[in-house]
Amino acid sequence: MAGTHSRKQYWVVFAVLAVLTVLEIAIAVIPGMRTFVIIGLIGLALAKAGCVLLWYMHLITESKILKQSVIIPFFFPTLYAVVLVTEAVARGRVALFD
Amino acid sequence: MSAHADHHHHGPITDWPLDPEMGKASPGKIAMWFFLLSDAMSFGGLLLGYAILRGRADQWVAPGEPLEFGINFTGGLTFLLICSSVTMVLAVANAQENNRKGALKFLLLTALGGVLFLCGQMQEYFGAFSFIFGHPGGLSGYGQDCAAAGAHCLTFGASPRATTFYVITGFHGLHVFSGTIYLLLTALATARGKYDNGNYSPIEICGLFWHFVDLVWILVFTFVYLIPLPEGG
């Protein structure tokens, strides 16, 4: 329930999201090291999405089964993405380290 | 349980009965979660399709297209959505405290964030506010003969990059538009006192939709705007 969250917590999450966004933009323009930049960007995006999901959408305070019902389906597109990347690397379409 | 969904009482529902599996989540809230999950799969499909096309392209940037989409401007739009997310949670917090004026103020501020985001998207696509931000014609080169002017334009249908860009960001923009309408309707009902006395659940459910719009944008911003191109485009 939203009532268990304090306004201070909302502002802390806001600050974290703002800082991570600035960090994303800074990382995106780093020349070279493309693989590490991509991994960093995806990690930051997932961290931001997690903050919104857990604290702004209050998933963190929901029941265990509702949390599972929401989070588990996201593994399927993630799995497809992993298969796609693996297939692209295996075919030599994408260099894992350049 | 202080008050619950008892058919013999006609007062507002201030607390949903504790369900052993779903906790205190109301049926409306659970329904919104499942709607959002199906919506997330739509975005997942679009982003995976984008990844397949981009991963298999020998040359992702077609000749005559811009190399970048303007990261700083879009970063500003991202910050705008983050601001609108914090105003949304504050609207819910005010509604919980039975502060109708506060809830209404923050709902309207959130809707304003949505309107400004859509204006930003119109600037990005068509240069609708080029008198402020420059870049007349926007990415699409609207109103210009791109070839004759030698301008770099992103034309829908001209390349997989252009089409996926407009489809994904346009689908998200449609969510911002519908979310803004939803917010305004919720604000109207709040102003009329429909969500007073602890009956804040509809505002919380509206907030779920709005936060989802923000969450999806975080991923779209990363995958469509930020992931760098390989050398040579």
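A quick note: this is a predicted structure, and the numbers were derived from the prediction, not measured. (Residues numbered from 1 in each chain as written. Chains lettered and ligands numbered in written order. Predicted model: local features only at pLDDT ≥ 70, side-chain atom pairs only at ≥ 80, totals over all residues.)

Novice: Can you explain the overall build of chain A? Please cite residues and give values.
Specialist: The helix and strand tally for chain A stands at four helices and zero strands. Across the 98 residues that make up chain A, the buried fraction comes to 17%. A fraction of 56% describes how many contacts in chain A between residues 6 or more apart in sequence connect residues 24 or more apart. (Helix = DSSP H or I, 4+ residues; strand = E, 2+ residues; numbered from the N terminus. Buried ≥ 20, exposed ≤ 12 C-beta atoms within 10 Å, placed from the backbone. Contact = placed C-beta atoms within 7 Å.)

Novice: Summarise the interface of chain B and chain A; cite the residues concerned and give the values.
Specialist: Taken together, the 38 residues of chain B in the interface contact 37 residues of chain A. Per-class residue counts for the side of chain B that touches chain A are 24 nonpolar, nine polar and five charged. (Nonpolar A, V, L, I, M, F, W, Y, C, P; charged D, E, K, R; others polar.)

Novice: Mind laying out the nonpolar core, listing which residues take part and the relevant values?
Specialist: Formed by 63 residues in total, the largest nonpolar core has its most connected members in Val89(B), Ala91(B), Val92(B), Leu107(B), Ile203(B) and Val220(B). Secondary structure elements with two or more residues in this core: α1 (7–28) and α2 (34–56) of chain A together with α1 (27–56), α2 (71–96), α3 (100–126), α6 (160–191) and α7 (201–226) of chain B. With 19 residues, α7(B) is the single largest residue contributor to this core. (Core = buried A, V, L, I, M, F, W, Y, C linked by C-beta atoms within 7 Å.)

Novice: Break down the environment of His175(B) for me, citing the residues and quoting the values.
Specialist: Relative to the helices and strands, His175(B) is located in helix α6. Sequence-distant contacts of His175(B), defined by excluding residues within four places in its chain, comprise Val213(B) and Val216(B).

Novice: Provide a residue-level description of the packing of α1(B) against α7(B), including the pertinent values.
Specialist: All names here are of chain B. Packing of α1 against α7 leaves a shortest axis separation of 10 Å and a crossing angle of 15°. Between α1 and α7, the crossing angle belongs to the class labelled roughly parallel. Here the hand of the crossing between α1 and α7 comes out right-handed. In contact with Gly28, Lys29, Met32, Leu36, Asp39, Phe43, Leu47 and Tyr50 of α1, α7 contributes Ser201, Glu204, Ile205, Leu208, Phe209, Phe212, Val216, Leu219 and Phe223. A breakdown of the residues in the contact of α1 with α7 according to their chemical character gives 12 nonpolar, two polar and three charged. (Axes fitted to C-alpha atoms, helices over the stretch in contact; angles between N-to-C directions. Parallel < 35°, antiparallel > 145°, perpendicular 65-115°, else oblique. Left-handed = near helix turned anticlockwise from the far one by under 90°.)

Novice: So what about the packing of α1(B) against α6(B)? Which residues, and what values?
Specialist: Residue and element names in this part refer to chain B. The geometry of α1 relative to α6 is characterised by a closest axis approach of 11 Å and an angle of 165° between their N-to-C directions. By the criterion of interaxial angle, the relationship of α1 to α6 is roughly antiparallel. Considering how the two elements wind past one another, α1 and α6 form a crossing that is left-handed. Along the contact surface, α1 presents Leu46, Tyr50 and Leu53, while α6 presents Pro160, Thr164, Val167, Ile168 and Phe171. Across the contact of α1 with α6, the residue classes break down as seven nonpolar, one polar and no charged.

Novice: Quick one: what's the story with the environment of Trp217(B), residue by residue and with numbers?
Specialist: Residues and elements named next belong to chain B. Within the fold, Trp217 resides in helix α7. With 184 residues separating them in the primary sequence, Trp217 and Trp33 have C-alpha atoms 18 Å apart. Beyond its immediate sequence surroundings of up to four residues, Trp217 is in contact with Thr78, Leu81 and His172.

Novice: Requested: an account of unusual backbone geometry, with residues and values cited.
Specialist: Even without being glycine, His58(A) reaches a positive phi, approximately 60°. Its location among the elements puts His58(A) in the loop between α2 and α3 (64–71). Residue His58(A) is classed as buried on the basis of its C-beta count, with 22 C-beta atoms lying within 10 Å. Of note, the phi angle at Asn197(B) is positive, near 55°, even though the residue is not glycine.

Novice: Break down the confidence of the model for chain A for me, with residues and values.
Specialist: Interpretation of this model should avoid reading the predicted coordinates in detail wherever pLDDT is low. Mean pLDDT over chain A works out to 87, with 89% of the residues at or above the 70 mark. Confidence, read as mean pLDDT per element, is least for helix α4 (residues 75–90) of chain A in chain A (84) and greatest for α1(A) (96). (pLDDT = per-residue confidence, 0-100.)

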